[in-house]
Amino acid sequence: GIDVVGFLAEDEEKVGTRISNSKVIGTFKDLEFVLHSNYIDEVIFATDIKHFAHVEEMFKKCRLEGVQARVISSILKEFVSSMTVDIKYGYPILTYSPFKAKDWQLFLKRMIDIAISSILLVPFTLVILPVVSALIKLTSDGPIFYRWQVMGANKRRFTGFKFRTMYINADEIKKQLMEKNEMSGPVFKMERDPRITPVGSFLRKLSIDELPQLWSVLKGDMSLVGPRPPLQTEVEHFENWHRRKLSVKPGITCLWQVKGRNRISDFNEWV
């Protein structure tokens, strides 16, 4: 539905030649003459980044004369669906974000995290914490909480907390079990992991071991919903595209946990 009046080229030698079914009717310098000599509804700039200096000048001419202008650029092709434009101190800033979320949406998500984690921490502290702490201490040696060093949004390191579900020598045993790893990639998973205590198995089945992470949500290190926070030792073995996980805050629950979890044995599918 577009009627092409003609093309303008940077190289004067191309004037008079044809592109598809339309003629090259001038160079970049001829834009003003072409606008005055024809019925022009819009100007489309289909160029690469080396011509952007020319495009800026021609854009000004279109704006002065009230003619709509569009830009087609291969350098933006991969990013434009997730790109926003802001004006800061009079300058336009193109922003590419790896996830589609406006500032007010992220703010609302943070408010929801604070509200729900605050509410849930009350029964957790008064009821669940004393009961689970007693069960852990009475059935195995070691601390009540497991501190794990994980990475959050944009690779920020923080210490997360979970109820301890394994024996205290779990890390040493893990080295001996690596050949039995049922997950491809940098993560270790075993369906019948001998490091897990009987009480720990019960806590994991009901995801009660995750509840101390509500404190991390309240602090802002985590969100209620987001990808599982990876261990620092796991990130060292990530492929580049795996690191996209680190572009958002990790969460207590996510799509992997509710729709796959231990049924997924391929780390790429998990990511």
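This is a predicted model, so every value here is computed, not measured.

This part is about the overall build of the protein chain. Counting its regular elements, the protein chain contains 9 helices and 11 strands. The C-alpha radius of gyration computed for the protein chain amounts to 29 Å, which surpasses the reference 18 Å derived for 271 residues by more than 25%, pointing to a less compact arrangement than a globule. For the C-alpha atoms alone, the extent of the protein chain along its principal axes is close to 90 × 40 × 30 Å. Put simply, the protein chain has 271 residues, and 32% of those count as buried. When contacts within the protein chain are restricted to residue pairs at least 6 apart in sequence, long-range pairs at least 24 apart make up 58% of them. Carbon and sulfur atoms make up 57% of the accessible area of the protein chain, which amounts to about 18,300 Å² in all.

Consecutive residues of a regular strand have side chains that alternate between opposite faces of the sheet. Counting buried positions along strand β7 (residues 91–96) yields 0 of 6 residues, so the element is predominantly exposed. Between strand β6 (residues 83–88) and β7, which follow one another and run antiparallel, lie 2 residues, and Y89 among them has a positive phi close to 50°.

So, about the side chain of H242. With respect to the helices and strands, H242 occurs in the loop between α7 (232–235) and β11 (251–253). Classification of H242 by relative accessible area gives buried; the value is 3%. Once you skip the residues sitting within four places of it in the chain, H242 turns out to touch F267, N268 and V271.

Moving on, we come to the environment of T95. Note that T95 resides in strand β7. Since its relative accessible area comes to 30%, T95 is described here as partly exposed. Taking the C-alpha atoms as reference, T95 lies 24 Å from D221; in sequence the two are 126 residues apart.

Now for the nonpolar core. One finds V132, I136, F163, L203 and I252 to be the most contacted residues of the largest nonpolar core, which totals 17 residues. The set of elements that each furnish at least two residues to this core consists of α3 (103–139), β8 (145–151), β9 (157–163), α5 (198–205) and α6 (214–219). The element that contributes the greatest number of residues to this core is α3, accounting for 4 residues. Filtering out sequence-adjacent residues up to four positions away, I136 remains in contact with P143, I144, F163, R164, V199 and L203. Counting 11 residues, the second largest nonpolar core, distinct from the first, contains V187, F238, L246 and W256.

Before going further, it helps to examine the pattern of salt bridges. Using the criterion set out here, one finds 7 salt bridges in the structure. Measuring nitrogen to oxygen at the nearest pair gives 3.7 Å for the salt bridge that ties E210 to K162. Residue E210 is found in the loop between α5 and α6, and its partner K162 is found in strand β9; the two are separated by 48 residues along the sequence. Of the two residues examined, E210 and K162, each falls in the buried class. A salt bridge links R228 to E234; its shortest N-O distance comes to 3.3 Å. Accessibility classification places R228 together with E234 in one group, the buried group. One continuous salt-bridge network, built from bridges that share partners, spans K162, D209 and E210.

The subject of this paragraph is the packing of aromatic side chains. Under the defined criterion, the tally for this structure stands at 6 aromatic pairs. Measuring from centroid to centroid gives 5.5 Å for F267 and W270, while their planes differ by 70°, and the two rings are edge-to-face. Linking F267 with W270, this pair stays in helix α9 (residues 267–270), spanning 3 residues, or about one helical turn. F267 gets classed as buried once you look at its relative accessible area, which sits at 2%.

The rules behind the values
Counting restarts for each chain, with residues numbered from 1 along the sequence as it is written. Totals for whole chains, interfaces and linings use every residue, but because this is a predicted model, local features are given only for residues with pLDDT of at least 70 and side-chain atom pairs only at 80 or more, for both listing and counting. Excluded from the side-chain calculation are hydrogens and water; included are all heavy atoms of the structure. Elements are defined by DSSP. Helices are runs of H or I of four residues or more, strands are runs of E of two residues or more, and each kind is numbered from the N terminus. The quantity called the radius of gyration is restricted to C-alpha atoms. Its globule counterpart is 2.2 Å times the number of residues to the power 0.38. Only protein chains enter the accessibility calculation, which uses a 1.4 Å probe; a residue is then buried when its area is under 20% of its type maximum, exposed when over 50%, and partly exposed in between. By the convention used here, residues are in contact when the closest approach between their heavy atoms is within 4.5 Å. Every accessible area reported is derived by Shrake-Rupley at a probe size of 1.4 Å, with residue values counting cover from the shown protein chains alone. The rule for pairing is simple: two strands pair if DSSP sees at least two bridges between them. What we call a nonpolar core is a set of buried Ala, Val, Leu, Ile, Met, Phe, Trp, Tyr and Cys residues that are connected through their side-chain atoms within 4.5 Å. Here, a salt bridge means any side-chain nitrogen of Lys or Arg that lies within 4 Å of a carboxyl oxygen of Asp or Glu. For Phe, Tyr and Trp, where Trp contributes only its six-membered ring, two rings pair if their centres lie within 6.5 Å, and the inter-plane angle classes them as stacked under 30 degrees, edge-to-face over 60, or tilted in between.

The analysis is restricted to geometry; functional conclusions fall outside its scope.
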